[in-house]
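If you want the building blocks of each chain, they are given just below.
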Amino acid sequence: MGRKVKKGRDVNFEKRLRILHEVGNDLSRSDSINTLCRRVVELGRGRLGFDRLSIWFVDRDPRYITGSYGVNEKGRLRYEIGERVLISGDPAMRKICANRTHSVLETGVPLRDHQANAMGFGSHAIAAIWNGKEIVGYLSTDNLLKGMPITDHDRDVLELFAATFGHLYSLKKTEEELHNAYSRLKEMQYKLIQSAKMEVVGELASGVAHEVKNPLGIILGGVEYLSEKVASKDGKVKMMIQKISDAVMRADNIVKGLLDFSKLSKLDLESHNLNKVINDSILLIKHQVDKRNIAVVRRLNKNVPKVNIDKNKVEQVCVNLMMNAINSMPDGGTLTVLTRVDNASKKRRYVIVEITDTGSGIPEEILGKIFEPFFTTRRNNGGTGLGLSIVRTIIDMHGGKISIGNRQAPQKGARVMLKFKVN
Amino acid sequence: MAAVRKKILILDDEKDFVLMLKARLESIGDYEVVGLTDSRDMVKCLHEFNPDVILLDIVMPVVDGLDICDILNNDSVGAVTPIIIVSGLDRESDKLKAFKAGVVDYIVKPVDQKKLIAAIDKAVKKAPGD
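Thresholds applied
- Residues numbered from 1 in each chain as written.
- Chains lettered and ligands numbered in written order.
- Predicted model: local features only at pLDDT ≥ 70, side-chain atom pairs only at ≥ 80, totals over all residues.
- Heavy atoms only, no water.
- 1 Å grid on protein atoms, 1.4 Å probe; cavity = no way out; pocket = protein on both sides within 12 Å on 5 of 7 lines; lining within 4 Å.
- Points joined across faces, edges and corners; volume = space filled by probe spheres on them.
- Helix = DSSP H or I, 4+ residues; strand = E, 2+ residues; numbered from the N terminus.
- Nonpolar A, V, L, I, M, F, W, Y, C, P; charged D, E, K, R; others polar.
- Pairing = 2+ DSSP bridges.
- Axes fitted to C-alpha atoms, helices over the stretch in contact; angles between N-to-C directions.
- Buried < 20%, exposed > 50% of the residue type's maximum accessible area, 1.4 Å probe, protein only.
- Patch = residues over 30% accessible without salt bridge, like charges linked within 9 Å, V, L, I, M, F, W, Y side chains within 5 Å.
- Areas by Shrake-Rupley, 256 points an atom, 1.4 Å probe, with all protein chains shown as cover.
- Salt bridge = Lys/Arg side-chain N within 4 Å of Asp/Glu carboxyl O.
- Parallel < 35°, antiparallel > 145°, perpendicular 65-115°, else oblique.
- Left-handed = near helix turned anticlockwise from the far one by under 90°.
- Contact = heavy atoms within 4.5 Å.
- Phe/Tyr/Trp six-rings, centres within 6.5 Å; stacked < 30°, edge-to-face > 60°.
- pLDDT = per-residue confidence, 0-100.

Colleague: Can you help me understand the layout of surface pockets in this one?
Modeller: Where empty space is left can be seen by rolling a probe of water-molecule size over the atoms. Residues and elements named next belong to chain A. One number sums up the size of the second largest pocket: a volume of about 850 Å³. Lining the second largest pocket are 23 residues, and of these Lys-191, Asp-396, Met-397, His-398 and Gly-399 sit closest to its centre. Looking at the lining of the second largest pocket element by element, the count peaks at seven residues for helix α4 (residues 152-229). Of the residues contributing to the lining of the second largest pocket, the split by class is nine nonpolar, eight polar and six charged.

Structural data, given as structure tokens:
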């Protein structure tokens, strides 16, 4: 009789081992750690016959574990079934840690729901999940829902199941880490290529700028010499000489813009508070603001976190944008600068800088062109059209964003928004 | 008694620039100017003309302006003659190198006449022996 019972149990155990093998194959097709964990609980209950099943991972603080997928007291699959709990608070886990054993079965122990409320007494088995070197978590089962006893065989199957899971978990984690590392590498490679391109462009621009400056210098010097020699009553000739001089200065400004581009190949990144950068920029344009009767309103959020920026270049951006705003208000107006934090994305925070004016706004038909190099509506006033293209390049190099548009009616004027990543 | 004219030596490989700058400075009346386009004539001219100040370009074939600074620093006349760089290079790194080489001022082309005159007058005043 005893032999028949034992034989029956062996057959059942062998059957469950075969099922475990199939379950293992199924689990190996999981496309992420998240899916793997969910399938462990689903298949553990559905194919291996466990009652309640839950996964707990060892926290960064190894004294604690955190619940992953599990089954609540109503039999429903849940994610994040439990908060952080101390390992030392669970006798079974303590035994595993102390004795370095792989699994523990306890009977007649208090069973709890996911909020650790007592739900009566029953059996509870727990198996360590190993990644080959250390315990990364625990697979836990009890008989709260069906009340069927948990046997030594169940514990053995649980232990093998946890081993299978540990092996697959380790593989998936390595896979995900490799994937992330590859993505980071690709991003770094792209940035390096862009930086190398910018360096080449920069060298080219620098070389061209230098070569052009020589003939410009000759023209300007010659024009100044001629203007001294020409008789003062010949107004038309003097005017022509002045026009040549103005054209040379405009060409020189374009060359300066090219040289600015040539300096864009590298960023000198340090942690800065954008409010300070904005205040420093406003100081630089103070004279222009006072001259044109423009009010400056600052709405700077005191709690903006620091960002990694090249301070000189970002200051250049702010001054350029503020000067554009000032130039759009020849009869006076208001320049408003504000900073705020954007927490909308779960993955990343941003610091937003907004610069608005009460000027004439930007004609809709040119909004799509304003970032193009050499596009300008102020050519007769010395504009080179390089300012906004340099501004956008600097923002792009910081991994940020810039958008320019008109304020919503009935408000007049333009609005620029800059977005900087918070590290 | 007529004021003594200050002597200026210009070295730049751009011939038209040298001609233009020479004409401008001489037209003011306070300066006697010699212009060179070949750096190999520099040392000989330095000893014959004995300028009060040298206006020197940087980017030149064969020997650039900063190398010439080194040569002049080791010459008995060159070592006591102030050098003003007049160059199209506008980078901070170039200016830093020039000042480290011992120049007294740095003017970026195209040349602002007033700035150049002010730099020349300042350099001549500060020269040793004045």
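Colleague: Just checking my understanding: could you explain the sheet that holds strand β15 (residues 414-421) of chain A for this structure?
Modeller: Across a sheet, paired strands are connected by hydrogen bonds in the backbone, their directions being either parallel or antiparallel. Residue and element names in this part refer to chain A. Sheet architecture is open: five strands sit in the order β10-β12-β13-β15-β14, paired in mixed fashion. Strands with a single pairing partner mark the edges of an open sheet, and in this sheet they are β10 (294-300) and β14 (401-406). Each neighbouring strand pair of the sheet contributes to a mean axis angle of 15 degrees, computed without reference to strand direction. Note: β14 against β15, six bridges, orientation antiparallel.

Colleague: What's the story with the pairing of strand β1 (residues 52-58) of chain A in this structure? I'm lost.
Modeller: Moving residue by residue along a regular strand, the side chains alternate between the two faces of the sheet. Residue and element names in this part refer to chain A. In terms of residue burial, β1 counts as a mostly covered element, since six of its seven residues are buried. Here β1 runs beside strand β8 (residues 135-142); their pairing, made up of six bridges, is antiparallel. Across the sheet, residue Arg-52 finds its bridge partner in β8, namely Asp-142. With three bridges joining them, β1 and strand β2 (residues 64-67) adopt antiparallel strand pairing. Its bridge partner being in β2, Phe-57 is matched across the sheet by Thr-66. Counted between consecutive antiparallel strands, the loop separating β1 from β2 contains five residues.

Colleague: Is there a simple way to explain a nonpolar patch on the surface in this structure?
Modeller: A surface patch of nonpolar side chains, about 350 Å² in accessible area, is lined by Ile219(A), Met239(A), Met240(A) and Ile244(A). Tallying contributions element by element places helix α5 (residues 235-262) of chain A first for the nonpolar patch, with three residues.

Colleague: For this particular structure, what's the right way to read the packing of helix α2 (residues 33-46) of chain A against α4(A)?
Modeller: Angle between the axes and distance between the axes: these two values describe a pair of packed helices. All names here are of chain A. Taken N-terminus to C-terminus, the directions of α2 and α4 make an angle of 165 degrees; their axes are 10 Å apart at the nearest point. Taken together, the axes of α2 and α4 are roughly antiparallel relative to one another. Classified by chirality, the crossing of α4 by α2 is right-handed. Of the residues in α4, those touching α2 at Ile-33, Leu-36, Cys-37, Val-40 and Gly-44 are Phe-161, Phe-165, Leu-168, Tyr-169, Lys-172, Lys-173 and Glu-176. Tallied by class, residues from the contact of α2 with α4 come to eight nonpolar, one polar and three charged.

Colleague: Whenever I open this one, unusual backbone geometry confuses me. Can you help?
Modeller: Leave glycine aside and you will find that most residues have negative phi; peptide bonds, for their part, are mostly trans. Residue Pro410(A) follows Ala409(A) across a cis peptide bond; omega there is 10 degrees. Looking at the element boundaries, Pro410(A) is found in the loop between β14 and β15. The omega torsion across Lys109(B) and Pro110(B) is -5 degrees, close enough to zero to call that bond cis. With respect to the helices and strands, Pro110(B) occurs in the loop between β5 (105-108) and α5 (113-126). You will see that Asn50(B), though not glycine, has its phi angle at about 55 degrees, which is positive. Mapped onto the elements of the fold, Asn50(B) is located in the loop between α2 (42-49) and β3 (53-56).

Colleague: Could you clarify how one ought to interpret the sheet that holds β3(B) in this entry?
Modeller: Residue and element names in this part refer to chain B. Here we have five strands laid out as an open sheet, ordered β2-β1-β3-β4-β5, and parallel in their pairing. Either end of the sheet is taken by a strand with one partner, and the two such strands are β2 (31-36) and β5. On average, each strand axis in the sheet is tilted by 20 degrees relative to the strand beside it, whichever way the strands run. Pairing of strand β1 (residues 6-11) with β2 involves six bridges; the strand directions are parallel. Across the sheet, the residue bridging to Leu-9 is Val-34, located in β2. Each of β1, β2 and β3 is contacted by α2, which is oriented at about 175 degrees to β1, the strand it contacts most.

Colleague: Can you walk me through the packing of aromatic side chains in this structure?
Modeller: Ring pairs (aromatic) are described by centroid distance and by the angle formed between their planes. Residue and element names in this part refer to chain A. Following the criterion strictly, the structure yields four aromatic pairs over all chains and no others. Taking the centre distance of 4.8 Å and the plane angle of 25 degrees together, the rings of Phe-57 and Tyr-169 count as stacked. Here the residue Phe-57 occupies a position in strand β1, and Tyr-169 occupies one in helix α4, the gap between them amounting to 112 residues. The exposure class of Phe-57 is buried, given its relative accessible area of 15%. We classify Tyr-169 as buried; its relative accessible area is 11%.

Colleague: Whenever I open this one, the confidence of the model for chain B confuses me. Can you help?
Modeller: Interpreting fine coordinate detail is not advised for predicted regions of low pLDDT. When the pLDDT values of chain B are averaged, the result is 89; 95% of them are 70 or greater. What the predictor reports for the complex is a pTM of 0.49 with an ipTM of 0.70.

Colleague: Would you explain the pattern of salt bridges in this entry?
Modeller: Once the charged atoms of two side chains with opposite charge are near each other, the side chains can pair. Residue and element names in this part refer to chain A. All chains considered together, the criterion is met by 28 salt bridges over all chains. The closest approach of N and O atoms between Arg-39 and Asp-26, which form a salt bridge, is 3.2 Å. Placement of Arg-39 in helix α2 and of Asp-26 in helix α1 (residues 2-28) is noted, with a sequence separation of 13 residues between them. Among the residues examined, Arg-39 registers a relative accessible area of 24% and is labelled partly exposed. Asp-26 gets classed as partly exposed once you look at its relative accessible area, which sits at 23%. Across the pair Asp-310 and Lys-313 runs a salt bridge, and its minimum N-O distance is 3.4 Å. Each member of the pair Asp-310 and Lys-313 is classed as buried.

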